[in-house]
Amino acid sequence: MDNFFNGIRDRQGEKVSIFYCGRNIEGYSSEPVSLALYSKGYKVLGRSKKLYRFRGFYSLDPQDRIVLTKIGDEYVNACEIYCQDGQNIEVDFSTPFLVKVFSPLLDGYFQHRRFVKNRILWRLAVDKIKQMANHPEVRHIEARKTGRIIRVASDIVVVGGGLAGLTAAYTVSQLGLKTLIIDKSIELGGRLRYDYMDVPGVPVSREYLLEDILTKISSDGNIKTLTRTIFTGFFEDYPTAYSQEERTLYILKAKGFIIATGVVDLPCIFRNNDIPGIFSASTVLEMVNRYRVKLGEKSLIIGLSQNSLRIAEQLKRSGIDVVMVDNSRSQSIQSDLSRVGECIVNVREIEAVGRKCVEKANIIHDDGRDRLEVDFIVCSAFSNPDILILNQLDSRLIYIGGVGFVPVHDEYMHLKDNIFIAGGVSGSPYSILHLIEGEIAALSAAYKLGAKEVEPLIEEKIKEYRTKLNEMNVKWKNKVFRNSRSELIENSSFTYPPTLFIERPRRDAFICFCEDITTEDISRTVHEKGYTLLELVKRSLGVCTGRCQGRLCMVNAALYVSYLSNLDPSQVGLTKARAPVTSIPLYILAGGEEE
Amino acid sequence: MRIAVIGGGITGLSIAYNLAVRDAGEIHLFEKNWITYGSSTRSGARFRVHFWTEENSRFAIESIKRLEKLAGKMEWNPIIYRGGYIWLLFNEHQIERFKETSKMWSKLGVQGVFLEPEEIRERYSYINVDDVLGAFYGPQDGSLHHDYVCFGYYSLAKKLGVIFHELTPINDINIVDNKVKQLKTLNGVVDVDVVVLATGAWTNELLEKIGIRLSTEPVRKEVCLTEPYHHFIDPLIIDMGSGAYVGQTLKGEILGSIDYPTPPGLIKLETRLEFVIKWAKAITKRIPSLKNARIMRTWAGYYMMSTDNSHIMGREPEWPEGLYVAYGYSGHGFMMAPLVGELLAENILTGKTPELMRPFLPTRFKENKLIQEKLVIG
Ligand SMILES: Cc1cc2nc3c(=O)[nH]c(=O)nc-3n(C[C@H](O)[C@H](O)[C@H](O)COP(=O)(O)OP(=O)(O)OC[C@H]3O[C@@H](n4cnc5c(N)ncnc54)[C@H](O)[C@@H]3O)c2cc1C
């Protein structure tokens, strides 16, 4: 533990021997396969669906199932599988000959072509097309596996074990309520685990904060935890969670839910933004700090924000050079830039260059053009609340410039029915606000469950909350609270997409990685077909319908459509997410219920 | 003449297009949400020509022909693919019934193939046939892309001058002297001469306001979809034992559903875990290799059931002049809509009832000339 808090931890776990395309590689049992491979320079984990582009991983989050890799006999998300001795990882580097011939038919636009008026030709073409998508085969190997379904009851279920979720869980359990924490990560702690800088506004150090809350949680008999378990959403009859590790589907029974799922760092949109070596901001911190993996010598951070500065500083500390770029100049941040490294502002276009992974980056800006040698690129321009579950729940989401699509909630952190939210998912910046929101959500949930005595406490906390919101200049929250009290949703206004780094629609700038949908595809749908509702753009292209269920592409797609059509993002809207928000194998569902 | 089509699903789009092609006058289409909001893009996107009744089989054959012809004109490729339907049969009675009906299908030129368990295994090695007695395979049946078919009609209709009003619910129809007169929207009234209700599951709400009752009711149906896999299932497989069906989309996802008790009515379009589990059990038993597949999404839509499981199109003579309906497809409407649009447009403009349309008139309920379709899937 101590070692860990000092931030000088070595790579942990047992040394194991794994095989990548026949080559023997050393890995650690505590590391996901994707990371072990990356650290040894094996960056390609698979090929994309339509265009057979090389793909690695963007984040370590198990819900971002962009690429499946063949490990042993199975196609899995290599970020979810930990290294084990003797594991075989296979990547097929050959591109089927016909893909090149048929690539015009295979790109995102093939469906729209009128090329097939001849019925016989069409029959031949469709036979080719259905065989050509690069999808794994479903095979018999799983027949030996059995899954199970288990019911778990608790008073309150907390989804997400970061600062907000843990605070909420502890507060709830102090009131004598049984609490279940569900977290998809291998350990509780969320961002506190890997962001080594202190939490803004919190008077104690990060180490202390983390240790304190974890000790409280682990010694509390009222709290149970399920880690490596993904909350899969609310079916009409049951809320559910799924653990791949345990081959278990949990049917949850609870009187209240606190959703504290944090934020999603959106991918930035630039040329070749899909190739290996481009990561989400939090994943980079996780890899550098928590896993202590050497990612390279030089990095490019896209986006200039407080968050980017934290990342830059931590990369620097671990000996990585940093160049920061953004499309606009933010004065408030300008001051402390020199500390962290070079900075290029007024960037118009970014292009990642490299055959199989990022090797260089071309930056076009107002004053010319730069060509940088970089080992990896960090997407840190924008994070949106992780709204997948809330979207599935049909809660109202409004667009707030600079914050993203935010679920409408009141100051009691109440969303709807018996559901409460706290932390990043409510749009608040990573800070003491998450802690206070955790407390408020917990108290409100307890109140709803009958603990009427907490009322004065809630009012007190809300006063404190309002003061902190003012102090931290989070004014937009008032609009959210206001909206929670009326049926009408106030309009937002058009803003330039913070993740956009291309000058015009490009065939190599991707919005959706699962389905290989590019900015050019979207632009054609908007301009040629005239579709500007995201629901219709989705139906015309398949954006938001891939394995990640829109987690990575939905907000980017909405903002890009809004940019192209000059509409306010709330007019473009999002698409409805549906249960399960992360896929569940059939053998588990068919496995039957156990007591 | 001012014609209002209410409902922007495949039926409304097809009717609007067919009216516009015939220069019917000023055509408006009203949709309460966005085009394709209703069942049309929540369907299984399959078509078949095999129904128990000759009326439905005939109608479907002609309807698919219409769509194929139109495909060349559309800006969107409807992705029609004849992968076939295969009904797995579990008892003599089922086999008898298919053999019996097979005569009618042969007469219509859409004969299928009967398969012994061994033959099923040979053709579709992934199907577990341990408890299967035989199968009927219909090679003329297949799939289409429901979004692109709708968009195809939409863009054709738009080019021909149909005026679209999205996000415009119609709340009521004003009748004066037993004639349709006006439509009520949130922003006021619109004068009309003809009103066509293509409002799918929501039709009764409007009909009842003007005192018309037809024996139809919406029933929610749920669907499961897996992540995409390499293509290996060509036909739609209907398990007549468990009531489950399963197929694979050209994108690679496995799509299916199973009969699951649901109270009728416009209940919320949500899905149940119990339903998913039932489907998972049935389908992994039938296709064991699917155990590995992962369910990625579920959704629900409404089947608009009529008492004889067949659609209703046209009008009754006593109804207010200018009022027409086209709905009540009972779960197989997408494939019928291309022809429904064509025949209804003709009927509206000429007053004549085309022969193929006659059995489907709403008057059949009063006259007791029900169609008795029993081959409903899902
Ligand atoms: C799960 C499922 C699977 C299916 N599988 C198949 C299949 O494989 N093959 C097949 O052929 N069929 C299938 N169907 C049936 C098919 O989807 C429907 O029969 C068909 O889509 C009906 O089209 P429609 O245009 O009549 O109705 P809808 O598509 O429901 O359109 C009605 C429209 O009217 C609008 N509306 C309603 N009331 C108003 C109002 N007052 N004012 C304005 N607008 C209004 C609605 O918003 C809606 O968009 C399936 C259906 C379901 C639910």
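The residue numbering used here restarts from 1 in each chain and proceeds along that chain's sequence as written. All chains are assigned letters beginning with A, and all ligands numbers beginning with 1, in the order in which they are written. With the structure being a predicted model, the display of local features is reserved for residues of pLDDT at least 70 and the display and counting of side-chain atom pairs for 80 or more, all residues being used for whole-chain, interface and lining totals. Hydrogen atoms and water are omitted, and side-chain values are computed over all heavy atoms in the structure.

(A) Local environment of the environment of Ile-95 of chain B. Residues and elements named next belong to chain B. Secondary structure elements are defined from DSSP: runs of H or I of at least 4 residues count as helices, runs of E of at least 2 residues count as strands, and each element is numbered from the N terminus. Structurally, Ile-95 is set in helix 3 (residues 92-107). Note on Ile-95: relative accessible area 11%, which makes it buried. Taking C-alpha positions, Ile-95 is 8.9 Å from Phe-114, a pair spaced 19 residues apart along the chain. Working rule for contacts: check all heavy atoms of both residues, and any pair within 4.5 Å makes them a contact. Beyond its immediate chain neighbours, meaning those up to four positions away, Ile-95 contacts Leu-89, Phe-114, Leu-133 and Gly-134. Burial status follows relative accessibility: with a 1.4 Å probe on protein chains alone, a residue under 20% of its type maximum counts as buried, one over 50% as exposed, and anything between as partly exposed.

(B) Main features of the sheet that holds strand 18 (residues 342-344) of chain A. All names here are of chain A. Paired strands, in this sense, are two strands between which DSSP finds at least two bridges. With parallel pairing, five strands are arranged side by side in an open sheet as 15-22-16-17-18. At either margin of the open sheet sits one strand with a lone partner, and together these are strand 15 (278-280) and strand 18. Averaged over all pairs of adjacent strands, the angle between their axes in this sheet comes to 25°, without regard to strand direction. With three bridges joining them, strand 15 and strand 22 (residues 376-379) adopt parallel strand pairing. Following the sheet pairing, Ser-280 is matched in strand 22 by Cys-379. Packed on one face of the sheet, helix 8 (residues 281-290) meets strand 15 and strand 22 and runs near 95° to strand 15. Axes here mean lines fitted to C-alpha atoms, for a helix over just the part in contact, with angles spanning 0 to 180 degrees between N-to-C directions.

(C) Up close: the packing of helix 1 (residues 10-21) of chain B against helix 8 (residues 337-350) of chain B. Residues and elements named next belong to chain B. Direction vectors running N to C along helix 1 and helix 8 enclose 45°, while the axes themselves pass 8 Å from each other. Comparing the axis directions of helix 1 and helix 8 gives the class oblique. Of the two possible hands of crossing, helix 1 and helix 8 adopt the one that is right-handed. Packed against helix 1, whose contacting residues are Ile-10, Thr-11, Ser-14, Ile-15, Asn-18 and Leu-19, the element helix 8 presents Ala-337, Pro-338, Val-340, Gly-341, Glu-342, Leu-344, Ala-345 and Leu-349 at the interface. Note on residue classes: Ala, Val, Leu, Ile, Met, Phe, Trp, Tyr, Cys and Pro are nonpolar, Asp, Glu, Lys and Arg are charged, and everything else, Gly too, is polar. The residue inventory of the contact of helix 1 with helix 8, partitioned by class, reads nine nonpolar, four polar and one charged. Throughout this description, any angle smaller than 35 degrees is read as roughly parallel, any larger than 145 degrees as roughly antiparallel, any in the 65 to 115 degree range as roughly perpendicular, and the remainder as oblique. In this scheme the handedness of a crossing depends on how the near helix is turned from the far one: anticlockwise by less than a right angle means left-handed, clockwise means right-handed.

(D) Examining the interface of chain A and chain B more closely. Taken together, the contacts link 65 residues of chain A with 57 residues of chain B. Throughout, buried area stands for the accessible area (probe radius 1.4 Å) lost by two parts on being put together, summed over both. Summing both partners gives a buried area of about 5,500 Å² for chain A against chain B, and 56% of it is carried by carbon and sulfur. Three residues stand out in chain A for area buried against chain B, namely Val-138, Arg-539 and Leu-586 of chain A, and they jointly supply 14% of the buried area on that side. Just to be clear on terms, a salt bridge is a Lys or Arg side-chain nitrogen sitting within 4 Å of an Asp or Glu carboxyl oxygen. Counting every contact that joins chain A to chain B gives five salt bridges. A salt bridge links Arg-220 of chain B to Glu-236 of chain A, with the nearest nitrogen and oxygen atoms 2.7 Å apart. Two N or O atoms form a polar contact when they lie within 3.5 Å of each other; inside protein one atom must be a possible hydrogen donor and the other a possible acceptor, and for residues adjacent in sequence the pair counts only when both atoms belong to side chains. Where chain A touches chain B, the interface holds 26 residue pairs in polar contact (both at pLDDT 80 or more). Mapped onto the side of chain A that touches chain B, the elements with two or more residues apiece are helix 4 (119-132), strand 8 (148-159), strand 12 (239-243), strand 13 (248-259), helix 17 (534-541), strand 30 (584-585) and helix 20 (586-589) of chain A. The element best represented in the side of chain A that touches chain B is helix 4 of chain A, accounting for six residues. Tallied by class, residues from the side of chain A that touches chain B come to 29 nonpolar, 15 polar and 21 charged. As judged from the two bridges shared by strand 30 of chain A and strand 17 (residues 294-306) of chain B, these two strands associate in the antiparallel manner.

(E) Region of interest: the pairing of strand 20 (residues 360-365) of chain A. Residues and elements named next belong to chain A. With respect to burial, strand 20 is a largely interior element, five of its six residues being buried. Bridge count between strand 19 (residues 347-353) and strand 20: six bridges; the pairing is antiparallel. Among the inter-strand pairings, Glu-349 is bridged to a residue of strand 20, identified as Ile-364. Between strand 19 and strand 20, which pair antiparallel in sequence order, lie six residues; one of them, Gly-354, sits at a positive phi of approximately 160°. In this sheet, strand 21 (residues 368-373) lies alongside strand 20 in antiparallel orientation, the contact comprising six bridges. Looking at the pairing, Ile-363 lines up with Asp-370 of strand 21.

(F) Geometry of the environment of Ser-102 of chain B. Topologically, Ser-102 of chain B is positioned in helix 3. A sequence separation of ten residues divides Ser-102 of chain B from Gly-112 of chain B, and the C-alpha atoms of the two residues are 7.3 Å apart.

(G) Focus on the state of the cysteines. Residues and elements named next belong to chain A. Count a disulfide wherever a pair of cysteine sulfur atoms falls within 2.5 Å. What the rule picks out here adds up to zero disulfides over all chains. Not engaged in a disulfide, the cysteine Cys-83 finds its nearest cysteine sulfur in Cys-79; these two sulfurs lie 11 Å apart. Sulfur of Cys-544: no disulfide; nearest cysteine sulfur belongs to Cys-553 and is 4.0 Å away.

(H) Fine view of helix 13 (residues 432-448) of chain A. Residue and element names in this part refer to chain A. Every helix has an expected span of 1.5 Å times one less than the residues it contains. Look at helix 13: 24 Å from first C-alpha to last across 17 residues, which is about the 24 Å you get at 1.5 Å a residue. Burial runs high along helix 13: 15 of the 17 residues are buried. Just past helix 13, the residue Gly-450 takes up positive phi, approximately 115°.

(I) Here's a closer look at unusual backbone geometry. Between Ala-579 of chain A and Pro-580 of chain A the backbone carries a cis peptide bond, its omega angle lying at -10°. Counting through the fold element by element, Pro-580 of chain A comes out in the loop between helix 19 (569-572) and strand 30. Look at Arg-292 of chain A: it is not a glycine, yet its phi comes out positive at around 55°. Within the secondary structure, Arg-292 of chain A sits in the loop between helix 8 and strand 16 (298-302). With a phi angle near 75°, Thr-36 of chain B is a residue other than glycine that sits in the positive phi range. Note that Thr-36 of chain B resides in the loop between strand 2 (26-30) and strand 3 (46-47). Among the residues examined, Thr-36 of chain B registers a relative accessible area of 0% and is labelled buried.

(J) Quick peek at the pairing of strand 15 (residues 244-248) of chain B. Residues and elements named next belong to chain B. Counted residue by residue, strand 15 has five buried out of five residues, so it is predominantly covered. The two faces of strand 15 match: Ala-244, Val-246 and Gln-248 on one face and Tyr-245 and Gly-247 on the other face are all buried. In this structure, strand 14 (residues 236-239) lies alongside strand 15, joined through three bridges in antiparallel fashion. Across the sheet, the residue bridging to Ile-238 is Tyr-245, located in strand 15. Linking strand 14 to strand 15, which pair antiparallel, is a turn of four residues; within it Gly-243 sits at a positive phi near 80°. Bridge count for strand 15 against strand 16 (residues 253-258) is five bridges, and the pairing is antiparallel. Across the sheet, the residue bridging to Val-246 is Gly-256, located in strand 16.

(K) Spatial organisation of the domain arrangement of chain A. Residues and elements named next belong to chain A. Start and end positions for the domains come from either an automated domain assignment or a database one. Domain boundaries in chain A define domain 1 (1-60 + 69-135), domain 2 (148-264 + 384-485), domain 3 (267-381) and domain 4 (506-567). Centre-to-centre separation of domain 2 and domain 4, based on C-alpha positions: 30 Å. Every contact between the two is made by eight residues of domain 2 and, on the other side, eight residues of domain 4. When domain 2 packs against domain 4, the two sides together hide about 640 Å² of surface, and 71% of this comes from carbon and sulfur.

(L) Spotlight on helix 18 (residues 554-565) of chain A. Residue and element names in this part refer to chain A. For helix 18, built from twelve residues, the straight-helix expectation of 16 Å at 1.5 Å per residue is met to within 8% by its first-to-last C-alpha distance of 16 Å. The buried fraction of helix 18 amounts to eleven of the twelve residues, a majority that puts the element mostly inside the structure. All of the buried residues in helix 18 are Met-554, Val-555, Asn-556, Ala-557, Ala-558, Leu-559, Tyr-560, Val-561, Ser-562, Leu-564 and Ser-565.

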